[in-house]
Amino acid sequence: MDEYNRFVDWDKMDVTVQSQDAKELTCTEFQELKQLARQGYWAKNHSLRAKVYHKLISNIPCRTVTPDANVYRDIVVKIVGKRNSSSLPLPEFVDNSLVPTYCLNAEGIGAVRKIILCIANQFPDISFCPALPSVIALLLHYSKDEAECFEQVCRILACNDPSKRLIDQTFLAFESSCMTFGDLVNKYCQAAHKLMVAVSEDVLEVYSDWQRWLFGELPMVYIARVFDVFLVEGYKVLYRVALALLKFFHKVRAGQPVESDSIQQDIRAFVRDIAKSVSPERLLEKAFAIRLFSRKEIQLLQMANEKALQQKGITVKQKSLNLVLLLNYCFSIFCIVFFRQNVHLAVHAENFKSEIVSVKEMRDIWSWIPERFALCQPLLLFTTLEHGCSLSRFYSHSEGHEPTLLLIKTTAKEVCGAYLSTDWSERRRGGNKLSFFGTGECFVFRLQPEVERYEWVIIKHPELATTGSEPENHASPASSTLSSSSVPSDPSDRLSPFLSARHFNLPSKTASMFMAGSGECIIIGGGDGQALYLDADLNHGRTSHCNTFNNQPLCSESFQISVLEVWGFRD
């Protein structure tokens, strides 16, 4: 341990959890490393963890010219000079008020600032990297000197493997990760998300804290365990742990009053004091119990969110040397914050008018949709009250818009609907047959008599499409057997149908079945065993409900439509 104790204040460390047993790590296979990291094999041996970190970081594929320890020794004196390291000003891309000490001694605390300044010198393209101080402070625990720590951090920053994302280094990457986290919360932590929407003035602002929970508020022993797995498995681990933190926060705070102006501080305080309620082992156990999307799916979602931000004016490189560029940049950030600052600003009461839902109900729906589209405002495309009950007119008004929102009010005063992620023009790929398409972001919901959102599952009742006169004409061969057998047996051969494959130039075989349309009917496969069928005259519909999910049906099994509306999304 002597070799790696230069920057550690052992009086502040819990030495009782440290083991002096000699251990070695000889495995190199990913799956075995993954298991050992999750189990905390090197967590209780300071020296072993240092050696493992060095080995894992040394294996990160980097740019050809990546600053090393010798570079640090050459530049540190020129950059720092004779200034007091503990009071060195930090670059703008980090939060000067959030530099964790992680039981470092005075020399270690000063070393964090020195290393940050040297990294700023060597990485001029970094424009936003709030996690950097935490990573440096943590790695100083397991470094022989400042130069070694500098080299390890540089290798993490210089990773050039497109499939291995590590640390966000631009505002665009950071902001899109926050939106992605919001999407994941919306899917995997629905109870917590509902609480955030109810009490927060700005939902995205709460979720923008997600990296701060990990790289700032989380105690050292916890973030070290997270970092163990992060170096092996990558960025996805961070999402897992942040989701687990939010789940535990909601569980602990369930039933307690939360003020809207304190929810951020409440979560931060909970994470800081997490040792009072959750152990590191329990936190990781919870994190890995979440059946999260695959790494590729999350990457696609991140790309989609980045694209939405870029369309709002945010670019990858944020340079502010030119005043005009600076003003445009600030305005773009303002627009993003303004548009997403609570669904109340996206759905304007004075501009919104629906015969089916109220402004409040539309805001509830807006809180469920993916973050990148919550930047937009609702735009009425079609209503049976104005355009009549014609399926062809439904298609003509809806096509060219992606995504869309379908709202239905029945004659029995039931209100239900669906979020449809794909342009209805995709139905033509099936010719005259019922063609299935769409993505896993589709979902159905009920607003009256009770509010309920149903997560997506593959349509399980294709027989809804058949009629007595033409039982075989409404379903294509693929749609007639929508079961696990219709999915390629090799999961690595296809994307889970979370995002539309065509958006990313992927093979058409990766597309899946969520919505279906023909000249005869519309079928929407919702979640939790729900499916919605509408006939060609848009006067009648029926639902399918699988009792095995133990939930209420979407609406009556057979119903008459009073009003139907289709809404698009306007920038």
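This is a predicted model, so every value here is computed, not measured. (Residues numbered from 1 in each chain as written. Predicted model: local features only at pLDDT ≥ 70, side-chain atom pairs only at ≥ 80, totals over all residues. Heavy atoms only, no water.)

A. Here's a closer look at the pattern of salt bridges. Scanning all chains against the criterion turns up 20 salt bridges. Between D145 and R73 there is a salt bridge, with the nearest N and O atoms lying 3.9 Å from each other. Of the two residues, D145 is situated in the loop between α5 (132-140) and α6 (146-157) and R73 in helix α3 (residues 69-80); the sequence distance between them amounts to 72 residues. Its relative accessible area of 45% is what places R73 among the partly exposed residues. The salt bridge involving R268 is made with D209; its shortest N-O contact spans 2.7 Å. With R268 in helix α13 (residues 263-272) and D209 in the loop between α9 (203-207) and α10 (210-217), this pair connects stretches of sequence that are 59 residues apart. We classify R268 as buried; its relative accessible area is 12%. Bridged by salt links that share partners, the residues R212, E217 and R272 form one connected network. (Salt bridge = Lys/Arg side-chain N within 4 Å of Asp/Glu carboxyl O. Helix = DSSP H or I, 4+ residues; strand = E, 2+ residues; numbered from the N terminus. Buried < 20%, exposed > 50% of the residue type's maximum accessible area, 1.4 Å probe, protein only.)

B. Layout of α3. Along its twelve residues, α3 runs 16 Å from first to last C-alpha, staying within 8% of the 16 Å computed at 1.5 Å per residue. Within the span of α3, buried status applies to A69, Y72, I75, V76 and V80. Here the buried residues of α3 occupy an arc of 125° about the axis, which is enough to place them on one side. Turned more than 90 degrees away from the buried face of α3 sit D74, V77 and K78, all of them exposed. The elements touched by buried residues of α3 are α4 (106-122) and α6. Put simply, D68 is the residue that caps the front of α3, since its side-chain oxygen is 3.2 Å from the backbone nitrogen of N70. Note on α3: the residue one or two positions beyond its end, G81, has a positive phi of about 65°. (Expected span 1.5 Å × (residues − 1). Arc of directions from axis to C-beta. Contact = heavy atoms within 4.5 Å. Polar contact = N/O pair within 3.5 Å; in protein donor to acceptor, adjacent residues only side chain to side chain.)

C. How the structure looks around the packing of aromatic side chains. Inspection of the entire model under this criterion finds 26 aromatic pairs. On the numbers, 6.0 Å between centres and 55° between planes, the contact of F373 with F569 is tilted. Within this pair, whereas F373 is found in the loop between α18 (359-366) and β1 (377-383), its partner F569 is found in strand β11 (residues 558-570), the two being separated by 196 residues in sequence. The class for F569 is buried, based on a relative accessible area of 15%. Here a set of aromatic residues connected by ring pairs shows up, and it is made of W366, W368, F373, Y419, F443, F445 and F569. Between R165 and the ring centre of Y235, over which it is positioned, the NZ or CZ distance is 4.4 Å. For K286, the ring lying beneath its charged end belongs to F248, and the centroid distance is 5.8 Å. (Phe/Tyr/Trp six-rings, centres within 6.5 Å; stacked < 30°, edge-to-face > 60°. Lys NZ or Arg CZ within 6 Å of the ring centre and 35° of its normal.)

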